[in-house]
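Summary of structural features
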Amino acid sequence: MIKEDKRFISEQGEVLMLGNEAVVRGCLEAGVSYAAQYPGTPTSDIGETFQKILREQPDLRKYLIHHWAINEAVASSECAGAAWTGCRVLNPMKHVGLNVASDALSVIALNGPNPGAMVILVGADPGSLGSHQEQNERFYIWMFHFPCLEPHTPQECKDYTKLAFELSEKYDTVIELRTSTRSAHSRGYVKLNPIKKGLSIGNFERNIPKFNSLPPHAINNHIRLYERIEKIREEIPNLNINRLIPGENSTGIITSGMSFGYTLEALAQLGLFDVPVLKLGMIYPLNHEEITDFLAPLKNVVIIEELEPFLEVKISEIAHKHNLEIEIIGEEFFPKYNEYSTGLVASCLAKIFQKRPEEQMTTSVEIFNSYKDKIPSRFPTFCAGCPERATLYSILKTTNNMENTVICGDIGCFVMSFFPPQECSDLIICMSGGLSAAIGISEKTEQKVIAFIGDSTFLHTGMSPLAEAANYNSNVLLFIFENSWTAMTGHQPVLGLTEKKLSIEKICDAIGVNWLKIEDSYHPKRLMKSINQALEEKGLKVIIIKRECALQANRWRTSQIRKLKKEGKKLQEVYFHITGCQMCYECARILSCPAIRKTEVDGLETMQIDEDRCIRCEVCLRICPNNAIHKSIINALETEVHFREL
């Protein structure tokens, strides 16, 4: 029986929530009836939470739908479609997902979401904690005119979500809720309010000028969008989301989001209790009167924001427009890269206010930095038994460690392939950027060109570059890793594949791929033979590596073993052990399985398999050149539980 999470059922009280969970709770209280997203850190667990709630409370399916979409542009357009039937819809994405969705959103912003409401939630990632870059996506809100709320605490995440839907519905405007990795994944207490059921069935009514942004309607909608933004600008003081902390100092601070928390802590550490602070809950548009009232008595104002000077530019513009003689301090003291912290903000403010940091703060920073020397730095690596690790091993062996070979990497777990010991991704751009780059490289080099793409990425944006590669018969060997899960962001299903409704093999055939093989990287010698054949031929070649993600496969296999044992069935038990090791390091440095480590037995160095980490994929057994890895089977005549086949 599924245990219900009372935090998403109770209608009163106070509960502990992550920022992302608080957003979902806000959606339930706002009457949201539709949500769609492509998984991406730090917003993936919004979708996971919706899915969990729908499993626990199946009756909610009557009026609440959550879709894992094929990509962000599809998610945004389907959300707009649902909004145009009168629904309140949530469209979460990570910061770089906004790039993918931008083509659709640029038009949806003009149209407006009425008769429903649409909120896009964008998870920023300063410091690239879970992304391939730390792009500051706030400039989109100015370009597309998305009024943007930026919460600091989980309580604000919930409250701002509800407010965003009210504003969206009232002003026929797409509203953005901007979180960051820290605000999305920080915990705090959240006060609960009654849950509101969303619209079960909507109705679309034709309105050509509103929904068809083509000339002349595009211009009219553009004019209307400016009018809506100005109305929201006027209402900001009535929303009570901008917070003023008074002070007598002639230098003030304007900040927002997580930077506000760092700022308050930093001021306390520096003993600066007289500094006025304006915390912005809405970072676009800005109410000019609120800003000028705060700036008027000051000589200087410090803008603290992650990362590029978005607020600094807009506040400078307001100060100039209203002839305020005030020095605006920002990017010359605060870095435009990497994640902020209390220590960083305190150090910058100490320079601005010419204050010497307290000894306690200096000592804390020194202790924190000292851990870098005490804790050994480790590269992220593939899980034990990962089929991608085994594929990389086969590629390294067949190309003589990438001799005269270019490997175009992509987004997915295999981004780790550019770390030691594999070091075999030469470039990474974006989702499906590897194959696209490979097409260009192959036209201008005699080197062998290999490209990687994951199954989720292939469906996300990979079919278009594959169609081009097939059309030009580009001299590229493409590996499609079909592991059936969007593994890097938390094992969300790959739409269509996990449910076995789609076939990548059939898609490749329909696109026009003439050289295609299905391989299993757990059989490296057979895979190496196919790689050699592919590299000897000119033109486009595709090898689909069909093997489930090792984590999910091992979880399923382990659950089956437990189930069968509970039924009283006797099963085979398989163990791998090493004897007669020649210390060639084939298993540890080239395959580099984390379940294999160096140890000492009877005074001699040898490799050893950690049984608690080994998932029994047998790859090490098949690649050991000295036959030093052995397989032992207990109860050999009993039932063997295999990994499930894709």
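Above this text sits the structure in question.
Residues numbered from 1 in each chain as written. Predicted model: local features only at pLDDT ≥ 70, side-chain atom pairs only at ≥ 80, totals over all residues. Heavy atoms only, no water.

**What to know about the packing of aromatic side chains**
Put simply, the rule reads: Here is the rule: rings of Phe, Tyr and Trp (six-membered ring for Trp) pair when centre to centre is within 6.5 Å. Planes less than 30 degrees apart are stacked, more than 60 are edge-to-face, and the remainder are tilted. Secondary structure elements follow DSSP: runs of H or I of four or more residues count as helices, runs of E of two or more count as strands, with numbering from the N terminus. Relative accessibility under 20% of the residue-type maximum defines a buried residue, over 50% an exposed one, and the middle range a partly exposed one, all with a 1.4 Å probe and only protein chains included. Think of it as a cone above the ring: NZ of Lys or CZ of Arg counts as a charge over the ring if it is within 6 Å of the ring centre and within 35 degrees of the ring normal.
In total, this model carries 11 aromatic pairs according to the counting rule given. On the basis of an interplanar angle of 75 degrees and a centroid distance of 5.8 Å, the ring pair of phenylalanine 414 and phenylalanine 452 is categorised as edge-to-face. With phenylalanine 414 in the loop between strand E15 (405-408) and helix H16 (433-443) and phenylalanine 452 in strand E16 (residues 448-454), this residue pair connects regions lying 38 residues apart in the sequence. Judged by relative accessible area, phenylalanine 452 falls into the buried class, the value being 0%. Look at phenylalanine 452 and phenylalanine 479: their rings are 6.2 Å apart centre to centre, the planes differ by 70 degrees, and that puts the pair in the edge-to-face class. One end of the pair, phenylalanine 452, is in strand E16; the other, phenylalanine 479, is in strand E17 (residues 477-482), with 27 residues separating them in the sequence. This pair shows no difference in class: phenylalanine 452 is buried, exactly as phenylalanine 479 is. Members of the aromatic cluster, connected to one another through ring pairs, are Phe414, Phe452, Phe479 and Phe481. Lying over the aromatic face of phenylalanine 260, lysine 279 brings its terminal NZ or CZ to 5.8 Å of the ring centre.

**What about the sheet that holds E15?**
Spelled out, the test is: Two strands qualify as a pair provided DSSP detects at least 2 bridges between them. In this analysis, axes come from line fits to C-alpha atoms, helices being fitted only over the stretch in contact, and the angle between any two N-to-C directions falls in the range 0 to 180 degrees. Should any heavy atoms of two residues lie within 4.5 Å, those residues are considered in contact.
The strand order across the open sheet built from 5 strands is E15-E16-E17-E21-E20, with neighbouring strands paired in parallel fashion. Each edge of the open sheet is held by one strand with a lone partner, namely E15 and strand E20 (515-519). Pairwise comparison of adjacent strand axes, ignoring direction, gives a mean angle of 20 degrees for this sheet. The pairing of E15 with E16 spans 4 bridges and is classified as parallel. Bridge assignment links threonine 405 to a residue of E16, and that residue is lysine 448. Contacting E15, E16, E17 and strand E21 (541-546), helix H15 (residues 387-398) runs over the sheet at an angle of about 160 degrees to E17.

**Some remarks on the nonpolar core**
Put simply, the test is: What makes a nonpolar core is a set of buried Ala, Val, Leu, Ile, Met, Phe, Trp, Tyr and Cys residues whose side-chain atoms join them at distances within 4.5 Å. These domain boundaries are the output of an automatic or database domain assignment.
Core analysis: the largest hydrophobic core is formed by 50 residues, its most contacted members being Leu105, Met118, Ile120, Ile254, Leu295, Val301 and Ile315. No other element matches the 7 residues that helix H4 (residues 97-111) contributes to this core. Taken together, domain 1 (6-239) and domain 2 (243-367) each give at least three residues to this core, which thus spans both. The contacts of leucine 295, once residues within four sequence positions are left out, are Ile254, Val301, Ile315, Ala319, Leu324 and Ile326. One finds Val23, Ile46, Ala117 and Leu192 within the second-largest nonpolar core, a separate group that totals 39 residues.

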